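Fold and contact review
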Amino acid sequence: MEPATLCAPPIPGLFFTPSILVPPELADQVTQFCLHTYFGRPGVNQIMLFGEDAMPPVLLSLLSTVSALLAPPVLVPSIHALLFPLPGTATRERQAILNLYHPGEGITPHVDLLGRFGDGIVGVSFGSSCVMRFAPACVGEDTEDCVPAQLFLPARSIIVLSGDARYAWTHGIDKRTTDLVADADVDEPWVVERGVRLSITFRWLLPGADVVGEDEDGEDGAKRPPLTVSTKIAQTFT
Ligand SMILES: O=C(O)CCC(=O)C(=O)O
Ligand SMILES: [Fe+2]
């Protein structure tokens, strides 16, 4: 197993600062609320919320906390504005996708659906770390500057995918119970056990994308086929 790095690989549009973490109290509130509210039934491992009106206060407060944590100069102003437009100026509806992983589970490498989601994706890890694997989306692009990479995402860390990182690279999580991590300052890589991880990813819905159709190609990690839904409500893939 190739060790993952603690710092972001040089993929244009990928922003990740390992020291920037959601405060522990808020992370606990988000995790407890989501586990109890959305993941109480056995077998449910993915939830989508369409529009900020469908998001509970704790997720809205997560959004504003993440916006503050990533405020320039952490993110360049244009990327921060893409993810967190001023109130009343958003041109698209936001979706939150919540994924629950037990140790040994992962998500198939994918590019988030091009026809469904816009540019600017922000994901937060809760409860456990994992390693996210990145690879060029098109074969043949695996050149010297374009090598697959593995990034260690600690619990409470925040990752942003935009531009190439969103469109030209796949991201996925290997199905493993442990991850191997390396630090340039430390000789030996070390093993990190995975626990139960909740991820919350915010994306922009393209027009018409709040309707999840039966033709869904299962891109969202191909975890479960979705139900057909037409309303902006919390949806479980059961
Ligand atoms: O769990 C994660 O951090 C990734 C989730 C993801 O890539 C997705 O739902 O499209
Ligand atoms: Fe994704």
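Residues numbered from 1 in each chain as written. Chains lettered and ligands numbered in written order. Predicted model: local features only at pLDDT ≥ 70, side-chain atom pairs only at ≥ 80, totals over all residues. Heavy atoms only, no water.

Taking an unreviewed UniProt entry as the reference, the chain is identified by name as Fe2OG dioxygenase domain-containing protein belonging to Mycena pura.

Before going further, it helps to examine the overall build of the chain. Tallying secondary structure elements over the chain gives 4 helices and 14 strands in all. Burial analysis of the chain (238 residues in total) assigns 50% to the buried set. Across the chain, every contact between residues at least 6 apart in sequence was considered, and the portion connecting residues at least 24 apart equals 79%. (Helix = DSSP H or I, 4+ residues; strand = E, 2+ residues; numbered from the N terminus. Buried < 20%, exposed > 50% of the residue type's maximum accessible area, 1.4 Å probe, protein only. Contact = heavy atoms within 4.5 Å.)

Time to look at the coordination of the iron ion (ligand 2). Every protein donor of the iron ion (ligand 2) is accounted for by His-110 (NE2), Asp-112 (OD) and His-171 (NE2), and the metal-donor separations fall at 2.1 Å. For the iron ion (ligand 2), the donor residues sit on a single chain with the sequence spacing H-x1-D-x58-H. Placement of the pair is Asp-112 in the loop between β5 (107-110) and β6 (121-126) and His-171 in strand β10 (residues 169-173), with a sequence separation of 59 residues. For the residue pair Asp-112 and His-171, the accessibility class agrees, reading buried in each case. (Donors = N, O, S within 2.8 Å, 3.2 Å for Na, K, Ca; no water.)

Let us now look at empty space enclosed by the protein. Summed over all chains, the structure comprises 3 cavities of 30 Å³ or more. In this structure, the largest cavity spans a volume of roughly 270 Å³. Considering the residues around the largest cavity, the lining is formed by 26 residues, among which Gly-123, Met-132, His-171, Ser-199 and Thr-201 are closest to the centre. Here the residues of the lining of the largest cavity sort into 14 nonpolar, 8 polar and 4 charged. (1 Å grid on protein atoms, 1.4 Å probe; cavity = no way out; pocket = protein on both sides within 12 Å on 5 of 7 lines; lining within 4 Å. Points joined across faces, edges and corners; volume = space filled by probe spheres on them. Nonpolar A, V, L, I, M, F, W, Y, C, P; charged D, E, K, R; others polar.)

Attention now moves to the site of ligand 1. The full set close to ligand 1 counts 13 residues, and Asn-99, Tyr-101, His-171, Arg-197 and Ser-199 are the nearest of them. Note that an oxygen atom of ligand 1 is positioned 3.0 Å from one of the side-chain N or O atoms of His-110. Within the side chain of His-171, a nitrogen or oxygen atom sits 2.9 Å from an oxygen atom of ligand 1. Taken by itself ligand 1 offers 300 Å² of open surface, and the protein chains cover 96% of this. Taken atom by atom, the bulk of ligand 1 overlaps the largest cavity. Every element with two or more residues in the shell around ligand 1 is listed here: β4 (93-101), β5, β10 and β13 (197-205). Across the shell around ligand 1, the residue classes tally to 5 nonpolar, 4 polar and 4 charged. (Near = heavy atom within 4 Å. Polar contact = N/O pair within 3.5 Å; in protein donor to acceptor, adjacent residues only side chain to side chain. Areas by Shrake-Rupley, 256 points an atom, 1.4 Å probe, with all protein chains shown as cover. Sits in = over half its atoms within 2 Å of the grid points.)

Inspection of the secondary structure assignment puts Leu-153 in strand β8 (residues 149-153). Using a relative accessible area of 1% as the deciding quantity, one classes Leu-153 as buried. Sequence separation between Leu-153 and Glu-193 is 40 residues, and the spatial gap between their C-alpha atoms is 13 Å. Leu-153 has contacts with Phe-16, Ser-125, Ser-128, Ser-129, Cys-130, Met-132, Ile-159 and Arg-197, leaving out every residue within four places of it along the chain.

Following the criterion strictly, the structure yields 6 salt bridges and no others. Here Asp-179 and Arg-176 are joined by a salt bridge, their closest N and O atoms 2.7 Å apart. Note on Asp-179: relative accessible area 0%, which makes it buried. The class of Arg-176 is buried, set by a relative accessible area of 14%. We note a salt bridge from Asp-179 to Arg-194, for which the minimum N-O separation is 2.8 Å. (Salt bridge = Lys/Arg side-chain N within 4 Å of Asp/Glu carboxyl O.)

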